[in-house]
Amino acid sequence: MSVLEFLANGLVFSSIIVLSSIGLSLVYSIADFANFAHGDTMTVGAYAALVTFGFVGALGGEVLGLPLGFFVALAVGVAVAAVVAVVTHKLVYEPLDVDSIGLLITSIGVAFVYRAVIQLGFGTGFIEFEITLLRPIEALLPYGIRMTMHDVAIVASAAVLVAGLHTLLQYTDLGRKMRATADNPSLARVSGIRTGRIELWTWIIGAGLAGAGGVFLGLYNNISPRMGFNILLVVFAAVILGGIGSVYGAMAGGFLIGMINQLTPLLPRLGQELPLIPESFGIPIGIEYANAIAFLIMVAVLLLRPSGIAGEEAT
Amino acid sequence: MSVAARDRFDGLTRAEQGAVGFVVLLAALLLFGLATGGLAPTYFLYLVGLVGMYVLLSFGLNVQWGYTGLINFSVAAFFGLGAYGTALLTAGNSPLGIEGSRLLGLIPLTVIGLLIAVVLAAVVAVAIGIPTLRLRADYLAIASLGLAEVVRLVFLNQRDWTNGSAGLRGIPGFFQGWPVLETFPQAMPNLRVEALEVSIPGVFSTRILGFTLDAPFWQALLNVAFVLALVGVVFAILRRAHRSPWGRVLRTIRSDEDLAEALGKDTYAFKMQAFVLGSVIMALAGVFYAHLNLFVSPGDLEPINTFYVWIAVILGGSGSNRGAMFGGFVVIAIREGTRFLGELLPGALPAADIPFTDLVVSFPSVVETTYVTVVSNFASTRLLAVGLLIVLVMRFRPEGMLPPQRELIWPRSVAESAGPGETNPRETIEEEATATAHVSDASDEVAPDEVAPDESTGDESTGDDLFDDAPDGTGDDTSDSSDDDTSNDVDAPTDASGDASDEGGERNE
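Residues numbered from 1 in each chain as written. Chains lettered and ligands numbered in written order. Predicted model: local features only at pLDDT ≥ 70, side-chain atom pairs only at ≥ 80, totals over all residues.

(A) Inspection of the overall build of chain A at higher detail. From N to C terminus, chain A includes 12 helices and 2 strands. Written out in order from the N terminus, the α and β elements of chain A read α-α-β-β-α-α-α-α-α-α-α-α-α-α. Relative to the 2.2 N^0.38 estimate, which gives 20 Å for 315 residues, the radius of gyration of chain A is 20 Å and therefore close to what a compact globule would have. In terms of its C-alpha atoms, chain A occupies a principal-axis envelope of roughly 60 × 50 × 40 Å. (Helix = DSSP H or I, 4+ residues; strand = E, 2+ residues; numbered from the N terminus. Rg over C-alpha atoms; globule rule 2.2 N^0.38 Å.)

(B) A look at the overall build of chain B. Looking only at helices and strands, one finds 22 helices and 4 strands in chain B. Counting all 509 residues of chain B, 42% fall into the buried class. (Buried ≥ 20, exposed ≤ 12 C-beta atoms within 10 Å, placed from the backbone.)

(C) View of the environment of B:Val231. All names here are of chain B. Along the chain, Val231 turns up in helix H9 (residues 215-243). A residue is classified by how many C-beta atoms lie within 10 Å of it, and Val231, with 21 of them, is buried. Distance in space between the C-alpha atoms of Val231 and Gly52 is 6.8 Å, their sequence separation being 179 residues. Residues contacting Val231, with those up to four places away along its chain left out, are Gly52, Val55 and Leu56. (Contact = placed C-beta atoms within 7 Å.)

(D) Structural context of the confidence of the model for chain B. Residues and elements named next belong to chain B. For chain B, per-residue confidence averages 73 on the pLDDT scale, and 64% of positions sit at 70 or higher. Within the model, the stretch residues 419-509 combines pLDDT values under 50 with 135 contacts to residues more than four positions away or in other chains. This prediction of the complex comes with two scores: 0.79 for pTM and 0.86 for ipTM. (pLDDT = per-residue confidence, 0-100.)

(E) Representation of the interface of chain A and chain B within the structure. Contacts between the two partners involve 39 residues from chain A, matched on the other side by 33 residues from chain B. Of all elements in the fold, only helix H4 (100-122), helix H9 (227-242) and helix H12 (290-304) of chain A reach the threshold of two or more residues within the side of chain A that touches chain B. Counted by class, the side of chain A that touches chain B contains 29 nonpolar, 8 polar and 2 charged residues. (Nonpolar A, V, L, I, M, F, W, Y, C, P; charged D, E, K, R; others polar.)

(F) How the structure looks around the packing of H9(A) against helix H6 (residues 137-157) of chain B. Their axes nearest at 10 Å, the elements H9(A) and H6(B) cross at an angle of 130 degrees. As judged from the angle between their axes, H9(A) and H6(B) are oblique. In this structure, the crossing between H9(A) and H6(B) has a hand that is left-handed. Residues A:Leu233, A:Phe236, A:Ala237 and A:Ile240 of H9(A) form the contact with H6(B), whose participating residues are B:Ile142, B:Leu145, B:Gly146 and B:Glu149. Looking at the contact of H9(A) with H6(B), its residues break down into 6 nonpolar, 1 polar and 1 charged. (Axes fitted to C-alpha atoms, helices over the stretch in contact; angles between N-to-C directions. Parallel < 35°, antiparallel > 145°, perpendicular 65-115°, else oblique. Left-handed = near helix turned anticlockwise from the far one by under 90°.)

(G) Just the nonpolar core, in detail. Residues A:Ala237, A:Met298, B:Leu56 and B:Ala121 are the most contacted members of the largest nonpolar core, which totals 206 residues. Looking at this core, the element that brings in the most residues is helix H12 (residues 267-293) of chain B, giving 15 residues. Once you skip the residues sitting within four places of it in the chain, B:Leu56 turns out to touch B:Leu230, B:Val231, B:Val234, B:Ile281, B:Leu284 and B:Ala285. (Core = buried A, V, L, I, M, F, W, Y, C linked by C-beta atoms within 7 Å.)

(H) A look at helix H16 (residues 378-396) of chain B. The terminal C-alpha atoms of H16(B) lie 26 Å apart, and with 19 residues this matches the ideal 27 Å at 1.5 Å per residue to within 8%. When we look at burial in H16(B), the residues that qualify are B:Ser380, B:Arg382, B:Leu383, B:Leu384, B:Val386, B:Gly387, B:Ile390, B:Val391, B:Val393 and B:Met394. (Expected span 1.5 Å × (residues − 1).)

(I) Here's a closer look at the environment of A:Gln119. The topology assignment puts A:Gln119 in helix H4. With 21 C-beta atoms counted inside 10 Å, the residue A:Gln119 sits in the buried group. Spatially, the C-alpha atom of A:Gln119 lies 23 Å from that of A:Ile16, the residues being 103 residues apart in sequence. Filtering out sequence-adjacent residues up to four positions away, A:Gln119 remains in contact with A:Thr124, A:Pro225, B:Asn377, B:Ser380 and B:Leu383.

(J) Expanded view of the packing of helix H2 (residues 38-56) of chain A against helix H3 (residues 68-93) of chain A. All names here are of chain A. Taken N-terminus to C-terminus, the directions of H2 and H3 make an angle of 140 degrees; their axes are 7 Å apart at the nearest point. With respect to H3, the element H2 is oriented oblique. Of the two possible hands of crossing, H2 and H3 adopt the one that is right-handed. Contacts between H2 and H3 involve Thr41, Val44, Gly45, Ala46, Ala48, Ala49, Thr52, Phe53 and Val56 from the former and Gly69, Phe70, Val72, Ala73, Leu74, Val76, Gly77, Val78, Val80, Ala81, Val84 and Ala85 from the latter. Residues of the contact of H2 with H3, tallied by class, amount to 16 nonpolar, 5 polar and no charged.

(K) Layout of unusual backbone geometry. One non-glycine residue with positive phi stands out, namely A:Asp32, at about 65 degrees. Counting through the fold element by element, A:Asp32 comes out in the loop between helix H1 (3-30) and H2. A:Asp32 gets classed as partly exposed once you count the C-beta atoms within 10 Å, which come to 15. Here the phi dihedral of B:Leu294 falls at roughly 60 degrees; this positive angle occurs in a residue that is not glycine. Relative to the assigned elements, B:Leu294 resides in the loop between H12 and helix H13 (303-316). A count of 17 C-beta atoms within 10 Å places B:Leu294 in the partly exposed class.

This is the structure we're talking about:
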């Protein structure tokens, strides 16, 4: 496989990580705790889309190699993830009388409940969307890139969502209030912002993006009850690399971690791929350690620059 | 029940009574199973061993989370390090194993394995602790979970060292190679407990007992003795350590790290000591597990195992070793109980005993399908139970069932302050330091004499006590304050703080 192809794969995987890490970072900064149920929120979105796709999959039309029904399913997945998160917030997190560490521990319980319910409903096996696999795009093959239209769809959808979020944060009233609340909740409250309502919107947006990430992850690989929890730590690594609480940092962190994750196979033959480095140079590490690399980067960032790429707040 | 026992039971708080009731009920159920032959004695001892193992793990986590406030999500990693540490040396198919059961014909290999496990866990704990212990609490949670995954991936993928996902088999019992104990199970006679015919004439008749106590049984008994010894030793050490000045510093760090720093304590060093101590205790549990199960695989390092231990500690009451024991008991009840129920319950609901089926047509079918799903997927149901339990505990009783009360205090000071049950406030540790600090500040202004009663309740985690390096310093405090008690009694109603007057009143019961 060529370097370009690894980069292309990295781009697709990064899109998924970016979507989920934005959500996690939003919740981290406004609800003020590390939400360990975020990964399983992704799973919820993926399964909701899967069920919906079973009903509307035949819906006509085709965009980027995907039936229109898939986009309906995507919307439902996003909506269900958001609703589940809001209900959880109202039922579980809001009545709690504990500090942020207590919330963190509670969110693990919530994650288990999500996953257990999904397992009871759908079993523990792997499922895939019933979409016929496409051939790689012909035009890119001469460059050594094997990429299907589906991959393009994932990247494009993620780009649309990220752009939408950027617009929301920068140019709307809600976005300004969210940024203000994330920055200083008490000050926001005395300025007349209803922080409770902002928190609710944070859950909706954060979980919605996670749901979208889950659907795309399901399209990219497959769907299983553990998919969200397995990727959760990678997402955390992205959030921490970007700087907790910074949405733009989370985007950058998600992009980097996703890329590094997919470029791991290149490490042992680094010398052959890069100029100016001796042929024989390489970091001898197997692809099975792709996630471990992300975790180690995360720890290194925490150690050297706990505020991350974009964060300002130091520990 | 004798009068003394009755009094003792009445002296407990309601939560304690509940916990005692639960444990007694469960023990009775197990004994019933044992008597009726539903539960083989060897399996019963295996369960006891597992409980002991979870108690050990909970003790370890308690040192880290309960006392020092370190969120360690890598319990499974240290457990696995302990298990692999000894298994790599002793397992039949270990790539790094040593032949024979003794090193140089002298020292049993399992002892070496235990030492290796402990050293391995301590080294890794230091290595993980250096980058993470300076971090904010929630970063520590994420980082430790990530590093635990790294450890698991290493055990899974370094096939030439660890045999990969196939795991290590043929691990000997812990006492292989020991002088007398090695042959103990074989040397013991096979006891046959004859079946008894029990009947109430005309009502029912059944056969109870009727099992053989053979070599596996004695082997299991030996294992239980081993884990009980470990639990006992660790408990004694922790009990002593937690009441010592060292333990008081740890609790201060948990309540307010800045305060501890301000008092000149090197909190990083204290946190590191607690982290390593806790990790070594977890590794001991792993060593026991390897020699109990005789098989270890990377699956034992799955994050879910970490959270089982967390439940045990949170449910029992963070910072309470009694609570940790109770929690370990409950976790095994959940883990093994759901398995047991899954085998016991019929696969489908018995039909036609739901009345009014013709009125609500859809309702029973929903119930039935749900029931069938739940019964046929017990692994998922267990996960659901575990998740709900975490949420419910955090919602309704975040301090746990048996939060630390008298066990943090030297027994002598409890005896002197007398009074049953809730003499001492049911505060969690976080509240203790701040509350006491405030109360003593307030009463300082009102009447300096009244500071003493607060200290006499034995809240040792106040800042003042940090300077008090003599372990039995509180004993002196108490004798002082009990003198003050009489005068305090009169003043109590006018006391500025409700807390102090409450305690004063109750103590004189």
